[in-house]
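Report on the structure
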Amino acid sequence: FPSHDISVATTTENLRTYVFRIVIHQETEKVGKSKALEILAHAVDETIKLFDNDITLGGAVSFLNAVPTAWGEYSEGVGQVKHAEIVLRCNEIVSTN
């Protein structure tokens, strides 16, 4: 994390946050519900690890947080699909001058 104390606002800096939803889908008809959940959980973990390894997105942001949130299931043309959502919060400390 940055060396700034981000919990305290200053008159010269502001914390700007951009929020993105990443949704990963896995069909269940061919692999079964249990295996689909296993595949999905692994994909979520690996995706979060990738963001953990570069919390500045190559210097594009000050820091980020990737958090798993909603899990669910829906019907599609291929049958049942499980999905998991990761919320990506990209934080940029910007000058207000």
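Scroll up to find the structure.
A brief structural summary. (Residues numbered from 1 in each chain as written. Predicted model: local features only at pLDDT ≥ 70, side-chain atom pairs only at ≥ 80, totals over all residues. Heavy atoms only, no water.)

1. A short note on the nonpolar core
Among the nonpolar cores identified, the biggest contains 12 residues, and these are Ile24, Leu40, Val44, Ile48, Phe51, Val61, Leu64, Ala66, Ala84, Ile86, Leu88 and Cys90. Of all the secondary structure elements, the ones that give two or more residues to this core are helix H1 (33–52), strand E2 (63–76) and strand E3 (79–95). Those residues in contact with Ala66 that lie beyond four places of it in its chain are Ile48, Phe51, Ile86, Val87 and Leu88. (Core = buried A, V, L, I, M, F, W, Y, C linked by side-chain atoms within 4.5 Å. Buried < 20%, exposed > 50% of the residue type's maximum accessible area, 1.4 Å probe, protein only. Helix = DSSP H or I, 4+ residues; strand = E, 2+ residues; numbered from the N terminus. Contact = heavy atoms within 4.5 Å.)

2. Considering H1
The terminal C-alpha atoms of H1, which comprises 20 residues, lie 28 Å apart, in line with the 28 Å expected from a rise of 1.5 Å per residue. Contacts from the buried residues of H1 go to strand E1 (13–27), E2 and E3. (Expected span 1.5 Å × (residues − 1).)

3. Considerations on the sheet that holds E3
Strand order in the open sheet made by the three strands is E1-E3-E2, with antiparallel pairing throughout. Each having just a single partner strand, E1 and E2 make up the two edges of the open sheet. Between one strand axis and the next, the sheet turns by 20° as a mean value, whatever way the strands run. One ladder, built from 15 bridges, connects E1 with E3; its direction is antiparallel. Across the sheet, residue Thr17 finds its bridge partner in E3, namely Asn91. (Pairing = 2+ DSSP bridges. Axes fitted to C-alpha atoms, helices over the stretch in contact; angles between N-to-C directions.)

All we've got here are geometric facts, nothing functional implied.
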